[in-house]
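Given next are the chains, with one letter for each unit.
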Amino acid sequence: MKRFLTLALMLAVTTSAFAIKITYGPYIQAVTDKTVTIVWATDKTAISWVETAPNDKSHFYGEERPKFFQTKLGRKVPTKLHSITIPNPNADGNPTFRYRAFSQEITSNKGGRTMYGRVASTRIFAYRHIYVKTLDYNQKSIDCIIMNDQHGNESTIDFLNRRVDRKSTDAVFFCGDMASEEAKQNSVYHQISGRCINLKHKETPLHEVPCFMVRGVNESTGKLGMNYMSHFPSASGKPYYTVRYGSTCFIVLDSGCDLKDKVSGNDFDSYRKEQAQWLAKALQSEEVKGAKFKVAMMHIPPVAGAAPVSKDLNALFVPILEEAGIDLMISGYTHEGRMHEVSKRCKFPILVNGSSTIVNLRATHSRMDVVVEDFNGKEVKTYSYEK
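Per-chain numbering applies: the sequence of each chain, read as written, is numbered from 1 onward. Reporting in this predicted model follows two pLDDT cut-offs: at least 70 for local features of residues, and 80 or more for side-chain atom pairs to be given and counted; totals over whole chains, interfaces and linings ignore these cut-offs and use all residues. Water and hydrogen atoms play no part in the side-chain values, which are based on all heavy atoms of the structure.

A. Highlighting the nonpolar core. Membership of the largest hydrophobic core comes to 46 residues, with the highest contact counts inside it found for Phe173, Phe250, Leu361 and Val370. Secondary structure elements are taken from DSSP: a helix is a run of H or I of four residues or more, a strand is a run of E of two residues or more, and numbering for both begins at the N terminus. Take this core: its biggest share by element is 5 residues, from strand E2 (residues 35-53). Contacts are assigned to residue pairs that have any heavy atoms within 4.5 Å of one another. Every residue in contact with Phe173, bar those within four places of it in the chain, is listed here: Cys144, Ile145, Ile146, Met147, Phe212, Val243, Phe250, Val252 and Met297. Here, nonpolar core refers to any group of buried Ala, Val, Leu, Ile, Met, Phe, Trp, Tyr and Cys residues whose side-chain atoms link them within 4.5 Å. When accessible area is computed with a 1.4 Å probe and restricted to protein chains, residues below 20% of their type maximum are described as buried, those above 50% as exposed, and intermediate ones as partly exposed. Counting 26 residues, the second largest nonpolar core, distinct from the first, contains Tyr333, Cys346, Ile350 and Val352.

This is the structure we're talking about:
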């Protein structure tokens, strides 16, 4: 009997050790007023789906919930990286709803026959479910956090995990170079989503609070550049996009590589010109024009001398942004905090956030406060805008 129990225990431990696991995520991307995209990764090839439930008092499994699979041309996609766009299930227009992510391992796929194994999933705790929100243009106030230039620094990512509040923080923006230059293919995604979203902990803010990427130099080049959109999809399908929270519209731009094309061997000149054409059209949309405050984000500041391509960025993007009347641009890159006030070269202020500070942006329909804080929560500087 003892031998049997020992063997059973060993078998259970072995089975558990080889069971499929979620290695990082899920995290929220490509949020619109009707849909959100859930992204996560597993250690084994799997098919995946997301189940949703309205924001009511019903038990998540009190009834069968709709399933949204990751598919391509009608086929379920076997992969280790999972990205699924889901609609808001609330019939009354409530932007908040509940979700749960699942992945089922594929153990064999031979002769046209697929065999499935165990399932990994996010947990539904007895006292709390996982919530997510679509965009709400009518919300009365917003609270966002901006961080940049951490270069894979895990201690500051852990700090952000503690700083984000799922109840009060609407979104997190990573304003470029969150990855180190030597980062392996998945390290930035693991550092951001794996450390901020750890399934071993009950408190997982970035399960619920969307994180938006502003592509930096280290995310534009090397191993990370080619697969960037697979990990960080956007509503536009590009690394540049707009996102509107309440009174404030964020215009996210991609400055690309900081070296000239003749040095780097890339073709970012053509890419930036294509982006500028998109920008001119995007700024005419009601999403942007209807916003009280317009905040542009770009990793490399378009200030002459900050980078070899700064003059190019200034010539290409600044006139379009000036014409649209944006209130502020937030950048990174230099690692040193500085506010570039309105000048003849640029008719809007540019806040360059340092690598040892974060920006807390709060806005209502009449006022926007931009608070620069150090990692101890001490206020360094506040900039206010009223309309």
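B. The sheet that holds strand E13 (residues 241-245), seen in detail. One bridge is not enough; two strands pair if DSSP finds at least two bridges between them. Taken in spatial order, the 6 strands make up an open sheet running E13-E14-E15-E16-E18-E17, and their pairing is mixed. This sheet does not close on itself; its edge strands, each paired only once, are E13 and strand E17 (338-340). Shown here is a sheet whose adjacent strand axes are inclined to one another by a mean of 20°, direction ignored. Two elements, strand E14 (residues 248-252) and strand E15 (residues 293-297), share 5 bridges in a ladder whose sense is parallel. Paired with Val252 across the two strands is Met297, which belongs to E15. Comment: axis = line fitted to C-alpha atoms, over the contacting stretch for helices; angle = value between 0 and 180 degrees taken between N-to-C directions.

C. The arrangement of empty space enclosed by the protein in detail. Space inside and on the surface of the protein is sampled on a 1 Å grid over the protein atoms alone, with a cavity defined as a set of points where a 1.4 Å probe fits but cannot get out and a pocket as an open set with protein on both sides within 12 Å along at least 5 of 7 lines; lining residues have an atom within 4 Å of a point. Grid points are joined across faces, edges and corners, and a volume is the space filled by probe spheres set on the points. Overall, the coordinates contain 2 cavities of 30 Å³ or more when judged by the stated rule. Together, 17 residues line the largest cavity, and Ala30, Phe212, Pro233, Ser234 and Tyr241 are the ones closest to its centre. Elements with a minimum of two residues in the lining of the largest cavity: strand E12 (211-213), helix H6 (228-231) and E13. Amino acids outside the nonpolar list (Ala, Val, Leu, Ile, Met, Phe, Trp, Tyr, Cys, Pro) and the charged list (Asp, Glu, Lys, Arg) are all regarded as polar, and Gly is one of them. Class assignment for the residues of the lining of the largest cavity results in 13 nonpolar, 3 polar and 1 charged.

D. Structural context of the packing of aromatic side chains. Centre distance within 6.5 Å is the pairing criterion for rings of Phe, Tyr and Trp, where only the six-membered ring of Trp is used; planes under 30 degrees apart are then read as stacked, over 60 as edge-to-face, and the remainder as tilted. Per the stated rule, a full pass over the model turns up 13 aromatic pairs. Aromatic pair Trp49 and Phe69: ring centres 5.5 Å apart, planes at 40°, arrangement tilted. Of this pair, Trp49 sits in strand E2 while Phe69 sits in strand E3 (residues 67-69), placing them 20 residues apart in sequence. A residue is classified by how much of its surface remains accessible, and Phe69, at 28% relative accessible area, is partly exposed. Ring centres of Phe268 and Tyr271 lie 5.9 Å apart, and the angle between their planes is 80°; this geometry places the pair in the edge-to-face category. With a gap of 3 residues between them, Phe268 and Tyr271 both fall in helix H8 (residues 268-282), about one helical turn apart. The two residues Phe268 and Tyr271 agree in class, both being buried. Sitting over the face of the ring of Phe69, Lys76 holds its NZ or CZ atom 4.1 Å from the ring centroid. Two thresholds decide whether a charge sits over a ring: the Lys NZ or Arg CZ must be within 6 Å of the ring centre and within 35 degrees of the ring normal.

E. The arrangement of the pattern of salt bridges in detail. Each salt bridge in this description consists of a side-chain nitrogen of Lys or Arg and a carboxyl oxygen of Asp or Glu lying within 4 Å of one another. Counted under the stated rule, the structure contains 14 salt bridges. Here Asp56 makes a salt bridge to Arg98, at a shortest N to O gap of 2.9 Å. Of the two residues, Asp56 is situated in the loop between E2 and E3 and Arg98 in strand E7 (residues 96-110); the sequence distance between them amounts to 42 residues. Residue Asp56 is classed as partly exposed on the basis of its relative accessible area, which comes to 37%. The partner of Asp143 in a salt bridge is Arg362, and the shortest N-O contact between them spans 3.8 Å. Here Arg362 lies in strand E19 (residues 357-363) and Asp143 lies in strand E10 (residues 142-147), a separation of 219 residues in the sequence. Connected through shared salt-bridge partners, Arg367, Asp369 and Glu386 make up one network.

F. Looking closely at the layout of surface pockets. If you add up the space inside the largest pocket, you get close to 330 Å³. Thr96, Lys133, Arg166, Lys167 and Glu208 are, among the 19 residues lining the largest pocket, the residues nearest its centre. Ranked by residues supplied to the lining of the largest pocket, first place goes to strand E9 (residues 131-133) with 3 residues. Looking at the lining of the largest pocket, its residues break down into 7 nonpolar, 5 polar and 7 charged.

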